[in-house]
Amino acid sequence: MLFNSALFLLFFPSVTLLYFCLPRQLKNPCLLLASYFFYACWNPKYIILLFVTTFVTYAGGLLIERAGGGSSSGAAAACGSAVPPYRKKAVLFLVLLFNFGVLFLFKYYNWASGMLEWLLGRFHVRCSFPAFEPALPVGISFFTFQAVGYTIDVFRGELRAERHFFKYALFVSFFPQLVAGPIERSRTLLAQLDKSYAFDYERVRKGLLIMLWGFFLKVALADRAAVLVNQVYGNYMSYYGLQLILATLCFALQIYCDFMGYSTIARGAALVLGFRLTDNFAQPYFAPSVRDFWRRWHISLSFWLRDYLYIPLGGSRCSRLRKYRNLLITFAASGLWHGASSKFVVWGLLHACFQIAEDSGSRLEAGRPPRPDRFSRRLFRRLRTFVLVTIAWVFFRAESFVQALKILKKCLRLTNIGLFFNDSIFELGLSSFNVFMLLLGVAALSAFSAMKEKGMSVLGWLSAQGAWFRFAVYWFLLLMILFSLNLTGTEFIYFQF
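Source: prediction; values computed, not measured.

Caption draft 1: Representation of a nonpolar patch on the surface within the structure. Where nonpolar side chains cluster on the molecular surface, the patch consists of Phe433, Phe471, Trp475, Leu478, Leu479, Leu482, Phe483 and Leu485 and spans about 790 Å² of accessible area. Take the nonpolar patch: its biggest share by element is five residues, from helix 19 (residues 467-482). Tracing the sequence through the fold places Leu479 in helix 19. Residue classification places Leu479 among the partly exposed residues on the basis of a relative accessible area of 36%.

Listed below in structure tokens is the structure:
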């Protein structure tokens with residue numbers, strides 16, 4: 001079920017009304033059934049996979065705690081006879097093996113077997129692996145990482161294993177963030193499931209406004225930019241220079257608004273029900289460095305990889321070479337998380353290399369007198385970071401690594417300077433009206449992002465304005481969405497991950 005679909009516009013109000021009308025003991029079961037129905041709308045048979053993942057991590061958490069991994073001394077007694085302590089790591093290993101094995105089978109098996117066949121072929125060894133080509137379960141990387149994070153938290157003793165299976169099942173499958181995040185930590189979302197939330201006008205109003213902003217990002221900006229991106233990247237051999245650069249800039253806008261749009265709608269929908277989800281973005285294109293970009297972009301995944309991979313590898317508290325190795329491994333894993341393709345691995349490794357270069361540069365400047373923190377210097381650093389991130393986006397969007405290299409090469413042919421001074425810009429898939437609407441939307445996004453970057457609460461600021469101004473803003477967003485409904489609606493990009 002898509003957020004930007006007519007079915008969701010019926011589903012969400014119905015679930016919300018039912019949730020607030022039910023007694024406390026039936027609220028979570030209502031959300032659990034709604035979440036499984038939400039997921040089943042894509043492919044009903046995959047609710048079995050979601051259930052099995054839930055059961056394995058739930059049982060694994062209990063077994064780990066019985067072996068001494070939990071934070072409660074009475075846990076073993078509550079669960080029956082204790083498992084020998086030496087089995088604690090074995091249980092964690094089996095849980096990880098099962099979950100990542102399933103993820104590998106659905107998402108990486110065909111790519112890995114193809115790579116192995118190619119590699120063996122280079123040594124004149126012929127082999128053929130059987131194909132496994134089912135439909136990729138939507139959101140499998142998100143709910144797998146969320147469930148695995150819970151198990152590791154229990155193993156580390158940071159969390160008591162959840163006894164109530166259906167409460168834990170709701171934690172894994174909570175429908176607002178089930179298929180594209182944010183990847184919630186067990187310490188935050190599980191605790192909220194113990195509470196019962198009644199209807200609160202101000203909270204519901206705030207949640208609906210957040211959802212409106214999310215729909216604006218997705219429908220009015222991301223889907224509109226996608227038209228130009230698909231036109232140019234889909235026939236990249238016919239374009240060059242500024243056309244490809246413009247398409248790449250539009251993709252940077254598209255993927256940001258598409259993914260932040262989903263996360264924003266998810267946060268708003270959860271808030272209407274009473275739950276608070278992680279804010280997954282913090283103006284990433286305002287970042288002064290690539291390292292800071294990853295503190296602002298897909299925050300829940302960045303922190304997951306930091307806490308469960310980068311730090312266990314040694315983090316930055318080791319020699320410089322080991323630190324750089326850890327960065328390369330972590331960002332290669334980040335690339336693979338996004339997809340089974342060499343282009344995603346290269347995309348991740350580019351971000352690691354950018355950070356290594358930044359770290360080396362900062363070490364060289366460490367012995368020099370500090371430079372004044374002028375506006376021009378801050379602007380240059382932000383522009384430099386944006387350019388580097390945008391170059392990396394070419395590998396993310398292109399169909400292959402080779403195609404990405406060809407596109408970057410063609411971007412250097414700046415022979416079509418007149419693109420912005422004639423009507424040829426309207427031959428890239430967007431009419432003059434849609435180009436104007438896109439620019440208007442970007443202006444609104446930039447204004448709101450600048451306010452948030454300065455630490456302002458946009459909703460708080462908006463509430464302090466006059467009623468006529470507030471309703472003008474609401475109608476502006478709503479009309480921008482309505483004027484975009486003629487565009488071809490697309491799935492959220494991160495559904496494929």
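Caption draft 2: Examining the packing of aromatic side chains more closely. Applying the stated criterion across every chain, the model contains 59 aromatic pairs. Ring centres 6.3 Å apart and planes at 35° place the aromatic pair Phe251 and Phe396 in the tilted group. You can see Phe251 sitting in helix 10 (residues 242-273) and its partner Phe396 sitting in helix 15 (residues 375-397), a full 145 residues away along the chain. In terms of burial, Phe251 and Phe396 fall into one category: buried. Across the ring face of Tyr46, the terminal group of Lys45 is positioned such that the distance to the ring centre comes to 5.8 Å. The ring of Phe303 is capped by Arg306, whose NZ or CZ atom sits 4.3 Å from the centre of that ring.

Caption draft 3: Looking closely at the confidence of the model for the protein chain. On average, residues of the protein chain score 87 in pLDDT, and 92% of them are at 70 or above. Confidence scores differ between elements of the protein chain, with helix 4 (residues 75-79) showing the lowest mean pLDDT of 41 and helix 11 (residues 290-296) the highest of 95. The model gives residues 69-83 a pLDDT under 50, and that stretch makes 29 contacts with residues more than four places away or in other chains.

Caption draft 4: Layout of the environment of Glu162. By the element assignment, Glu162 lies in the loop between helix 6 (140-155) and helix 7 (165-173). Given a relative accessible area of 13%, Glu162 falls into the buried group. The spatial distance from the C-alpha of Glu162 to the C-alpha of Tyr150 is 9.6 Å, given a sequence separation of twelve residues. Every residue in contact with Glu162, bar those within four places of it in the chain, is listed here: Tyr58, Leu62, Tyr150, Lys167, Tyr168 and Leu190. For Glu162, the side chain forms a polar contact with the side chain of Lys167, separated by 3.2 Å.

Rules of the game
Residues numbered from 1 in each chain as written. Predicted model: local features only at pLDDT ≥ 70, side-chain atom pairs only at ≥ 80, totals over all residues. Heavy atoms only, no water. Patch = residues over 30% accessible without salt bridge, like charges linked within 9 Å, V, L, I, M, F, W, Y side chains within 5 Å. Areas by Shrake-Rupley, 256 points an atom, 1.4 Å probe, with all protein chains shown as cover. Salt bridge = Lys/Arg side-chain N within 4 Å of Asp/Glu carboxyl O. Helix = DSSP H or I, 4+ residues; strand = E, 2+ residues; numbered from the N terminus. Buried < 20%, exposed > 50% of the residue type's maximum accessible area, 1.4 Å probe, protein only. Phe/Tyr/Trp six-rings, centres within 6.5 Å; stacked < 30°, edge-to-face > 60°. Lys NZ or Arg CZ within 6 Å of the ring centre and 35° of its normal. pLDDT = per-residue confidence, 0-100. Contact = heavy atoms within 4.5 Å. Polar contact = N/O pair within 3.5 Å; in protein donor to acceptor, adjacent residues only side chain to side chain.

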